Every structure is written in structure tokens, then in C-alpha cells.
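Tertiary structure, described
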Amino acid sequence: MAKSSNPEGKPGVRIVVAGDRGTGKSSLIVTAAAETFPTNVLRLLPPTRLPEDFYPDRVPITIIDTSANPEDRGKLAEELKRADALVLTYACDQPETLNRLSTYWLPELRQLEVKVPVIVVGCKLDLRDDQQQVSLEQVMSPIMQQFREIETCIECSAYKHIQIPEVFYYAQKAVLHPTGPLFDQESQTLKPRCVRALKRIFILCDHDRDGALSDAELNDFQVKCFNAPLQPSEIVGVKRVVQDKMVEGVNERGLTLTGFLFLHALFIEKGRLETTWTVLRKFGYNNDIKLSDDLIPHSSVKRAPDQSVELTNEAIEYLRGIYELFDGDLDNNLRPVEVEDVFSTAPDSPWNDVPYKDAAEKTALGGLSLDAFLSEWALMTLLDPARSLENLIYIGYPGDPSSAIRVTKRRRLDRKKQQSERNVFQCFVFGPANAGKSVLINSFLGRPYSDTYSPTIDDRYAVNVVELPGGIKKTLVLREIPEDGVAKLLSSKDSLAVCDIAVFVHDSSDESSWKRATELLVDVAGHGEDTGYEVPCLIVAAKDDLDSFPTAIQDSTRVSQDMGIEAPIPISSKLSDFNNIFRRIVNAAEHPHLSIPETEAGRSRKQYHRLINRSLMFVSVGTAVAIVGLAAYRVYAARKNASN
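Conventions used here
- Residues numbered from 1 in each chain as written.
- Predicted model: local features only at pLDDT ≥ 70, side-chain atom pairs only at ≥ 80, totals over all residues.
- Heavy atoms only, no water.
- UniProt positions renumbered as here; feature names shortened; annotations may be inferred.
- 1 Å grid on protein atoms, 1.4 Å probe; cavity = no way out; pocket = protein on both sides within 12 Å on 5 of 7 lines; lining within 4 Å.
- Points joined across faces, edges and corners; volume = space filled by probe spheres on them.
- Helix = DSSP H or I, 4+ residues; strand = E, 2+ residues; numbered from the N terminus.
- pLDDT = per-residue confidence, 0-100.
- Contact = heavy atoms within 4.5 Å.
- Pairing = 2+ DSSP bridges.
- Buried < 20%, exposed > 50% of the residue type's maximum accessible area, 1.4 Å probe, protein only.
- Axes fitted to C-alpha atoms, helices over the stretch in contact; angles between N-to-C directions.
- Parallel < 35°, antiparallel > 145°, perpendicular 65-115°, else oblique.
- Left-handed = near helix turned anticlockwise from the far one by under 90°.
- Nonpolar A, V, L, I, M, F, W, Y, C, P; charged D, E, K, R; others polar.
- Salt bridge = Lys/Arg side-chain N within 4 Å of Asp/Glu carboxyl O.
- Domains from an automatic or database assignment.
- Phe/Tyr/Trp six-rings, centres within 6.5 Å; stacked < 30°, edge-to-face > 60°.
- Lys NZ or Arg CZ within 6 Å of the ring centre and 35° of its normal.
- Disulfide = S-S within 2.5 Å.

With an unreviewed UniProt entry as reference, the chain is termed Mitochondrial Rho GTPase, source organism Gossypium raimondii. Word for word, the UniProt comment on the chain under Subcellular location (unreviewed entry) is "Mitochondrion outer membrane". Taken from UniProt, the Sequence similarities (unreviewed entry) comment for the chain reads in full: "Belongs to the mitochondrial Rho GTPase family."

Structure (C-alpha cells):
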């Protein structure tokens, strides 16, 4: 296959040469640039530039010489941190300089957190004692086992012009076509992320979706990646190489995924990393084996603090199709292994970690129903739209990515309109410790009641579909806020902007729990009034199976009337009596102008504004009367003058 071109966006490669004094650094650089051995060489060379046509990749190289003197250590550290690749030198005639690589230089790089490819170069090969002949592999193998950052090793002689150009070729290649992201040297296998990327590329090139690349599809792939077609004899040759080593790599329809992956492993083993990198870059992958940022339409995700992002109907229909495709037995249960398979063409499965892990309801078999699958996507789109878009692209979304999401109207406008048309609502769940927040959320996910108390330390998300009368479905996201996390949340001005409704849970048998819940309600309501991000609020009286504290009814009546919100909604998770709480939460979120609590401070502020506005109205009326009076006087004066 053809050689790669200059990777887009790489203006040049900066290679820093370091090592003990007298190991041949400067002579190596001068000989590479001038193609002649220097009789006299400066102690420290200025930056040396190799032209872009020096190597086939046509990327200019800047070589930086360094000093190993103690007084220059600060400058050396600065240069090491700016390097794209490092050439570490030792002198073949001075064994102690080789030992210094593992005792000083390589540990120093780790100490400085320099994470770039390292090329170890033995200089002055011509001066090595013939009596001490040891293979380079034998010498370097233990060091390379310990320091995986070493990309390759090479010995050279500037004096005799032995392997001088190769030194900087390997260094440049390590930057443009690094081994680390693609291949595990220890197991001699492709790395998982590389496999996932190549699998996605294979699927994109398998136009007829028959699980194999036909001769025509293989040729299209070759033209796309290398701008040159394959001759029929070359296609036969490629398939023969695969079939000889791996029978399942080729079938009657063409090259299988197994064969495609085998070919790339073969290229890498033979040192032809540029082939695999060319393929990856042609399909938009960067050095982290992720799609480049310019392929993800981040601009379409811009929004005001009180706007949210949802999937469009087009994207939801596509995801329905994906669900059906991967739910092989059509039992409405996407098993964990099938979920992994959905994301097998993404760098990793996005739902393996919080906040997505365990955020959706599981089936009795431990999988995801269609509603739960779509709920997870809704949650990811709400919390991280760019990541949701990215994963849609990874799993093969065929349309314009920007057509997959929509930005909702501002919540402030929804309040004025007295109606929200969102399909996904986010509810913040507040309450003191042991009030029943987690139990409520577990019940939302269909999990059985448990008496065991386990405090929530970090914010926790739960998402599910809520069916309203008439068969209308809305997605509800519950975000549990631990009691000690409320102050931190409210320290941000826009913290309530993303909230559609807040729920305050208290233990109905515990008066102190009720008091703390009302304190939180006042804090949240006050923050909403101060920032303009008021949210509807509901009070939930949990543990209704226990006896209420003595003054529960009069206290709750007083607070709900004073603040202008609905009376507490009693529920009992233990008895599975939820009083339609989740439907009521959605109903309140759909009518964001109702159930907004008013604090004493907020009420005083409104009265003040009304008083000011009334005063301004009186001033305006008075001014108008004065103007009318002045006009009447002028008319009167004019008539009087005319009569005289």
C-alpha cells in the first residue's frame, strides 16, 4: 500500500537530543544535517532544521542540542518538556554512559513527566572494542522492558556515516506514526481502541453489510486511503497472504473483519505503522485513536444556561433501529454484552462509568429494555451533548450529526408561556440525610425496597420513561443532591438554570428531618429568586408507613400556604405506595409557572418593586397633567395676545 502523507495539522517535528557529555550528540546532529563529519564542533549547537523533503513524510524537523552540564539543568528540563520526541545518546565505547540511561536519564524523564517517544542511540560505533561485541537486542531488551516509552534503539557512527539519517527518521516516525496507541509490544496484539477504530472503518467500507469486503469494496478502500487502486493480482495476493495465516480471514464474499485486523497487525509487526496510521487519519482519527474535534459539530451544542439539549425524532428512530439490530433474540432485553457490542466501534463504552452506570432501569435478566436504552441516550445528551453526538457518529449515525439533536427553548420563556414542550425533564432531589431520597430514586428504577441505609456521597443520576395519560411518554432525570453538597451547588449562579423542577424529601416521622427539608427549600427558592432561575418545587413526605410527628399537618399546611406551593405528597416506598409521584413531578415540570415557592425576602422584594412602579406611575400621571396644563396655558396666552 502507498506511503502516508504529512498528517494534517502537523507543521513540524521538534526532536531534542540529550545524553551524557561526550556521547556524540553534536557530531550526530551536524553529520545528519551537513552529511559530513565535523572536524571542529561547537559545545552547544543552535537549533538545526532539516528541510521537509529530507524524509518521505515531508514534515520539517527541528533538532535541539542540549547540554548535560549541571548549571544548564533548568534549560535542559525546559527543552525536554517542549519535545515531540527525544533522542537519548550513549557512547558505544563508554559502557558507563549506557548504564546512565536507566539509572539517570529515563527516570529523570518520568520525574519531569515528559511523555513522548524515546529513541535510544548508541553513538561512536566505530570506537567500540571488538572484544566486547554484544548484540544491541541483548543489551537493550531489559531496559526496554522497564521503560516502555523507548520506541526503538539504534547504533550509529557519525565518523563513518553509519545509520545517521536513520536516527532522525525513526524519531520523526515515532511522532507521526507512534506504536503505543496501536500495538501492545508485550502481548504482540493490537490495542483494544485500535481494534474498535478499525472495526468501525471496516463496517463503513462494507457497503452491502454482508460482513466482508468484496474486491470492489477493498479497491474503494484503497483509493480512499492511498489515492491509488489495487490491481486484480494485488487483491488476490493480499487475500492469499491472509488466508495462508488465518483461514477465517477470507470467505467466499471477501476479506472478513478478522482478516482486516490481521492485515493491520501484520503491517505493524513489519514496522509499517504508517500504513495503519494513514487509514486511521483518512477516517478522521487523531493520535489518541479518537475522532478529531473538527468532526464533532460542537457549535450546534451552544446554548444558554437555561436551555437543554435533546435527541431529535430522527436520532431516536435511528437508535430504535440499532436496538432492534443488536437485540438478536428480540426479547426487549439488551444484555450487557450486547450493549458493549453497540459501542464496539467507539473508543470505549460511555456507560461503563458514572453518571451513566446503573442510571437506568434493568430488566429481570440484567439488561436494558428499549425505554431504558433510549433513556440512557437521553441522559447522555442532556449532560454531555458533544459526547452523545460523538458516540452517535461512532456507532454509524448516517445523517448530518447536527440533525440528531435540538436545543430547547429557554426555561424562562417556558415560564412566561406557562407551558414546557420539553421531552426530557431534569428534577433535582433535595433532602436531609436518611430522608428517603435514595429509596425514592431506587423505586424510580424499579429496584426493590431495602431497609439498609447507605448515604449518598456524590451526586447520583437516575433516568426513566414516565407515561402520562393518553400514552404520551416523557423522560425524567432525577439528580440526587447529597445534603452536604447543597451549599456547593448553590455557590454557582447558574446552578438552577438546568433544573426543571426540584423535589424536597423528608422523613414524615421525624420533625428535625422536616425542618431541615424546609430550610433547604427556602435556600433553593431564595437562590432562584436572586438569580432569576426560579423552579417549581414539590415537597415529598416519605416513610408514610410510619406515624407522622405530632405537628406534621399544621406545620406542612403553614409552610405550603406561606410559600404558595402544593401540600406535601405522602409516599411509602416500603409499601410501594408512590401516589403517582413521578407523573406528578412531570406534570409540575410541564407547567413551570405553577408551584414556584415564594420566600419572605422574595415577597418583600416584589412589594418593593410594586411600590416603586406605583410611584413611577403617579409621577408619570403628574407629569402628564403638568404638560396638559402647560399646553392649555399656552393656548390661553396665545388667544389673549391675539384679542389684544
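**Some thoughts on the layout of surface pockets**
In this approach, a probe sized like a water molecule rolls over the atoms, and the result shows the empty space that is left. Of the pockets and cavities examined, the largest pocket occupies roughly 1,000 Å³. Lining the largest pocket are 34 residues, and of these Met-144, Ile-150, Glu-151, Thr-179 and Gln-185 lie nearest its centre. Breaking the lining of the largest pocket down by element, the ones donating at least two residues are α4 (136–146), β6 (150–155), α5 (164–176), β7 (183–184) and α9 (257–269). Of all the elements, α4 adds the most residues to the lining of the largest pocket, at 6 residues.

**Observations regarding empty space enclosed by the protein**
Counted under the stated rule, the structure contains 3 cavities of 30 Å³ or more. Roughly 120 Å³ of volume is contained in the largest cavity. Taken together, 17 residues line the largest cavity, and the ones lying closest to its centre are Arg-411, Arg-415, Cys-499, Asp-500 and Pro-592. The biggest single contributor to the lining of the largest cavity is helix α15 (residues 411–417), with 3 residues.

**A few points about the confidence of the model for the chain**
The predicted model of the chain has a mean per-residue pLDDT of 90, with 91% of residues at 70 or higher. The low-confidence segment residues 1–5, where pLDDT is below 50, has 14 contacts with residues more than four positions distant or belonging to other chains.

**Digging into the sheet that holds strand β9 (residues 212–213)**
Spatial strand order, β9-β11-β10: 3 strands in an open sheet with antiparallel pairing. Edge positions in the sheet fall to β9 and β10 (250–251), since each of these pairs with one other strand and no more. Relative to strand β11 (residues 254–256), β9 is paired through 2 bridges, and the arrangement is antiparallel. When the bridges of β11 are listed, Ala-212 appears paired with Thr-256.

**Observations concerning the UniProt feature "domain: Miro" (unreviewed entry) in the chain**
Sites flagged by UniProt as "domain: Miro" (unreviewed entry) map to residues 10–177 and 422–591. In residues 422–591, the share of helix is 33% and the share of strand is 22%. The end C-alpha atoms are 11 Å apart.

**A short note on unusual backbone geometry**
The amide bond that connects Val-354 to the next residue, Pro-355, takes the cis arrangement and shows omega of 5°. Take Pro-355: it is sitting in the loop between α12 (336–342) and α13 (370–383). Phi at His-161 is positive, roughly 55°, even though this residue is not glycine. Topologically, His-161 is positioned in the loop between β6 and α5. Residue classification places His-161 among the partly exposed residues on the basis of a relative accessible area of 41%. The phi dihedral of Asn-579 falls on the positive side, at around 55°, and the residue is not glycine. For Asn-579, the location among the structural elements is in the loop between β19 (569–570) and α20 (581–590).

**Some remarks on the side chain of Lys-239**
Within the fold, Lys-239 resides in helix α8 (residues 232–245). Residues in contact with Lys-239, not counting those within four places in the same chain, are Asp-215 and Val-250.

**Side note on the packing of helix α11 (residues 313–326) against α13**
Relative to each other, α11 and α13 sit at 130°, their axes nearing to 10 Å. Taken together, the axes of α11 and α13 lie oblique to each other. Here the hand of the crossing between α11 and α13 comes out right-handed. Between α11 and α13, the residues in contact are Ile-316, Leu-319, Arg-320, Ile-322 and Tyr-323 and Leu-370, Phe-373, Leu-374 and Trp-377, respectively. Considering only residue class, the contact of α11 with α13 consists of 8 nonpolar, no polar and 1 charged.

**A closer look at the pattern of salt bridges**
Between side chains of opposite charge, pairing is possible as soon as their charged atoms come close. Under the defined criterion, the tally for this structure stands at 32 salt bridges. A salt bridge links Arg-14 to Glu-79, with the nearest nitrogen and oxygen atoms 3.0 Å apart. Residue Arg-14 is found in strand β1 (residues 13–19), and its partner Glu-79 is found in helix α2 (residues 73–82); the two are separated by 65 residues along the sequence. The same class applies to Arg-14 and to Glu-79, which are both buried.

**Here we look at the domain arrangement of the chain**
What the domain assignment lists for the chain is domain 1 (13–176), domain 2 (189–293), domain 3 (309–402), domain 4 (413–598) and domain 5 (608–638). Once you take the C-alpha centre of each, domain 1 and domain 2 turn out to be 34 Å apart.

**Description of helix α14 (residues 385–394)**
Of all 10 residues in α14, 9 are buried, a share of seventy percent or more. Every buried residue of α14 is accounted for by Pro-385, Ala-386, Ser-388, Leu-389, Glu-390, Asn-391, Leu-392, Ile-393 and Tyr-394. In this structure, the buried side of α14 is in contact with α6 (192–205), β12 (309–311), α11, α13 and β13 (405–407).

**Considerations on the packing of aromatic side chains**
One pass over the structure, following the stated rule, counts 18 aromatic pairs. Ring plane angle 55° and centroid distance 5.4 Å describe the contact between Tyr-323 and Phe-373, whose orientation is recorded as tilted. Placement of the pair is Tyr-323 in helix α11 and Phe-373 in helix α13, with a sequence separation of 50 residues. An aromatic cluster is defined as three or more aromatic residues linked by ring pairs; in this entry it consists of Tyr-323, Phe-343, Trp-351, Phe-373 and Trp-377. In this structure, Lys-224 packs its charged tip against the face of Phe-283, placed 4.9 Å from the ring centre. One cation-aromatic arrangement involves Arg-479 over Phe-428; the distance from NZ or CZ to the ring centre is 4.8 Å.

**Here's the deal with the environment of Phe-283**
Its place among the elements puts Phe-283 in the loop between α10 (273–282) and β12. In contact with Phe-283, not counting residues within four places along its chain, are Arg-200, Ile-201, Leu-204, Cys-205, Phe-221, Lys-224, Cys-225, Leu-291 and Leu-295.

**Looking at the state of the cysteines**
By the definition in use, this model includes 0 disulfides. Counting only cysteine sulfurs, Cys-205 is the nearest neighbor of Cys-225, a cysteine outside any disulfide, at a range of 6.4 Å. The class of Cys-225 is buried, set by a relative accessible area of 2%. A disulfide-free cysteine, Cys-427 has its sulfur positioned 6.6 Å from the sulfur of Cys-499, the nearest such atom.

**Remarks on the packing of α8 against α9**
To characterise two packed helices, one gives the angle between the axes of the helices and the distance between these axes. The interhelical angle for the contact between α8 and α9, taken along N-to-C directions, is 95°, at an axis separation of 10 Å. The angle between the axes of α8 and α9 places the two elements in the roughly perpendicular class. Contacts from Val-238, Val-241, Val-242 and Lys-245 of α8 reach α9 at Gly-259, Phe-262, Leu-263 and Leu-266. Grouping the amino acids of the contact of α8 with α9 by side-chain chemistry returns 6 nonpolar, 1 polar and 1 charged.

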